[in-house]
Amino acid sequence: MSKLIIANWKMNPKTAREAVRLAKVEDKTGVVIAPPLAFIDVIRKTVRHAKIAAQNAAGEEKGPWTGEVSPAMLASLGVRYVILGHSERRMKLHETDADIAKKIVAALDVGLKVILCVGEPLSVRKKGTIAAKRFVKDQLSVDLKGIKNFKFQISNLVIAYEPVWAISTSGGGKETPEDAAAMAKNIREFVHFKLRISHFKLLYGGSVSGMNARGFLARKEFDGVLVGSASLKPKEFRKILRAGNR
Ligand code: PEP
């Protein structure tokens, strides 16, 4: 089965014109492009093979939430995925696990596929892998609380393990495919224990580049990768696509 490659552009690039140029490079089957909200419509109209993700969505259906965008609005634009619980939103915008739990239910409810990001910060990882595993389990335990008795398609749940210290813009530490795979096993076991589901997609994210993508994509524990900085560099992203046989 071919693996998923998610391109999280974050708050880049500066203009719609640059965004369209980048999307043309990344427009391949099995790629999901997450542009900033402002460019979603133009990018959806540009791509023919890639799917579109939003980088966030509200946990509310509608109403007095200035600046927020509902999952239904995104779905109406042709958005198929939404990234929730990204560490930047958790840390810089103080999103809590309870907020994320609410957003997950709201997104699944309108049929969006959720890419839930979890991962431990450096201060936890320094305490060792047992502490890191416990931290991630605690995140999942609250984040997935709302979907315990909620009917949704398992294919609509994607979990991305992103050790915060390995993300290029918040440490850029070097995670190995072996250690990440051990965490993946822990995540799968925990989700199975909590929700009785095991056939969800599990991704790795954190400084994935043209150099190391093959190592993560080759692991059976991972169904793909989530790429941040390298998704803004066409040359680098092409190497990642090649590592994923695209
Ligand atoms: C991210 O922020 O989700 C990410 C994976 O970024 P990078 O690839 O730049 O580490």
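This report concerns the structure included in the present document. The model shown is predicted, which means the values in this text are computed figures rather than measured ones.

## Some points on the overall build of the chain
And then number 1: Counting secondary structure elements, the chain contains 10 helices and eight strands.
And then number 2: Along the three orthogonal principal directions, the C-alpha set of the chain runs to about 45 × 45 × 35 Å.
And then number 3: Burial statistics for the chain: of 246 residues in total, 52% are counted as buried.
And then number 4: Sequence separation of 24 or more characterises 68% of the internal contacts of the chain that already satisfy a separation of 6 or more.

## Some words on the pattern of salt bridges
And then number 1: Counted according to the given criterion, the structure contains 16 salt bridges.
And then number 2: The salt bridge involving Lys102 is made with Glu60; its shortest N-O contact spans 2.6 Å. Residue Lys102 is located in helix H5 (residues 97-109), and its partner Glu60 is located in the loop between strand S3 (51-54) and helix H3 (71-76); the two are separated by 42 residues in the primary sequence.
And then number 3: Owing to a relative accessible area of 46%, Lys102 belongs among the partly exposed residues under this scheme.
And then number 4: On the basis of relative accessible area, Glu60 is assigned to the partly exposed category, the value being 22%.
And then number 5: Several salt bridges converge on common partners, so that one network encompasses Glu120, Arg125, Glu175 and Asp179.

## Thoughts on helix H10 (residues 234-243)
And then number 1: Among all positions of H10, only Glu236, Phe237, Ile240, Leu241 and Ala243 are buried. Buried residues of H10 fall within an arc of 160 degrees about the axis and therefore sit on the same side. Turned more than 90 degrees away from the buried face of H10, the exposed residues are Lys235 and Arg242.
And then number 2: Contacts from the buried residues of H10 go to strand S1 (4-8), helix H1 (16-26), strand S2 (31-34), helix H9 (213-217) and strand S8 (224-227).

## Quick look at the site of the ligand
And then number 1: Lining the immediate surroundings of the ligand are Lys10, His86, Glu88, Glu162, Ile167, Ser168, Gly206, Ser207, Leu226, Val227, Gly228 and Ser229.
And then number 2: Glu162 is positioned such that a nitrogen or oxygen atom in its side chain is 2.8 Å from an oxygen atom of the ligand.
And then number 3: A distance of 2.8 Å separates an oxygen atom of the ligand from a polar backbone atom of Gly228.
And then number 4: Bound to the protein, the ligand loses 100% of the 290 Å² it would expose on its own.
And then number 5: Considering only residue class, the shell around the ligand consists of three nonpolar, six polar and three charged.

## Re the sheet that holds strand S6 (residues 157-161)
And then number 1: Spatially, the eight strands close up into a barrel ordered S1-S2-S3-S4-S5-S6-S7-S8, and their pairing is parallel. Adjacent strand axes in the sheet meet at a mean angle of 25 degrees, parallel and antiparallel pairs treated alike.
And then number 2: With four bridges connecting them, S6 and strand S7 (residues 201-205) associate as parallel partners. Residue pairing in the sheet places Tyr161 in a bridge with Tyr204 of S7.
And then number 3: Of the strands in this sheet, strand S4 (81-84) and strand S5 (113-118) are in contact with H5, which crosses S5 at around 160 degrees.
And then number 4: Running over the sheet, H10 touches S1, S2 and S8 and is turned about 165 degrees from S1.

## Notes on the nonpolar core
And then number 1: Judged by nonpolar contacts, the single largest core of 64 residues is most densely connected at Ile43, Leu140, Leu144, Ile159 and Ile187.
And then number 2: If sequence neighbours within four positions are ignored, Leu144 has contacts with Ile104, Leu116, Leu157, Ile159, Val191 and Leu195.

## Let's talk about a positive patch on the surface
And then number 1: On the surface, a cluster of positive charge is made up of Lys28, Arg214, Lys235, Arg238, Lys239 and Arg242.
And then number 2: With four residues, H10 is the single largest residue contributor to the positive patch.
And then number 3: Turning to its location among the elements, Arg214 is positioned in helix H9.

## A look at the packing of aromatic side chains
In this description, an aromatic ring pair is defined by two values, namely the gap between the centres and the angle between the planes.
And then number 1: With the rule as written, the count across this model stands at five aromatic pairs.
And then number 2: Here Tyr204 and Phe222 contribute two aromatic rings whose centre-to-centre distance is 5.9 Å and whose plane-to-plane angle is 65 degrees, an arrangement assigned as edge-to-face. One end of the pair, Tyr204, is in strand S7; the other, Phe222, is in the loop between H9 and S8, and 18 residues separate them in sequence. In this pair, the class of Tyr204 matches that of Phe222, namely buried.
And then number 3: Put simply, the rings of Tyr161, Tyr204, Phe216 and Phe222 touch in pairs and so form one group of aromatic residues.

Conventions we followed
- Residues numbered from 1 in each chain as written.
- Predicted model: local features only at pLDDT ≥ 70, side-chain atom pairs only at ≥ 80, totals over all residues.
- Heavy atoms only, no water.
- Helix = DSSP H or I, 4+ residues; strand = E, 2+ residues; numbered from the N terminus.
- Buried < 20%, exposed > 50% of the residue type's maximum accessible area, 1.4 Å probe, protein only.
- Contact = heavy atoms within 4.5 Å.
- Salt bridge = Lys/Arg side-chain N within 4 Å of Asp/Glu carboxyl O.
- Arc of directions from axis to C-beta.
- Near = heavy atom within 4 Å.
- Polar contact = N/O pair within 3.5 Å; in protein donor to acceptor, adjacent residues only side chain to side chain.
- Areas by Shrake-Rupley, 256 points an atom, 1.4 Å probe, with all protein chains shown as cover.
- Nonpolar A, V, L, I, M, F, W, Y, C, P; charged D, E, K, R; others polar.
- Pairing = 2+ DSSP bridges.
- Axes fitted to C-alpha atoms, helices over the stretch in contact; angles between N-to-C directions.
- Core = buried A, V, L, I, M, F, W, Y, C linked by side-chain atoms within 4.5 Å.
- Patch = residues over 30% accessible without salt bridge, like charges linked within 9 Å, V, L, I, M, F, W, Y side chains within 5 Å.
- Lys, Arg positive; Asp, Glu negative; His and termini not counted.
- Charge placed at Lys NZ, Arg CZ, Asp CG, Glu CD.
- Phe/Tyr/Trp six-rings, centres within 6.5 Å; stacked < 30°, edge-to-face > 60°.

Interpretation note: all reported values are geometric properties and have no functional meaning in isolation.
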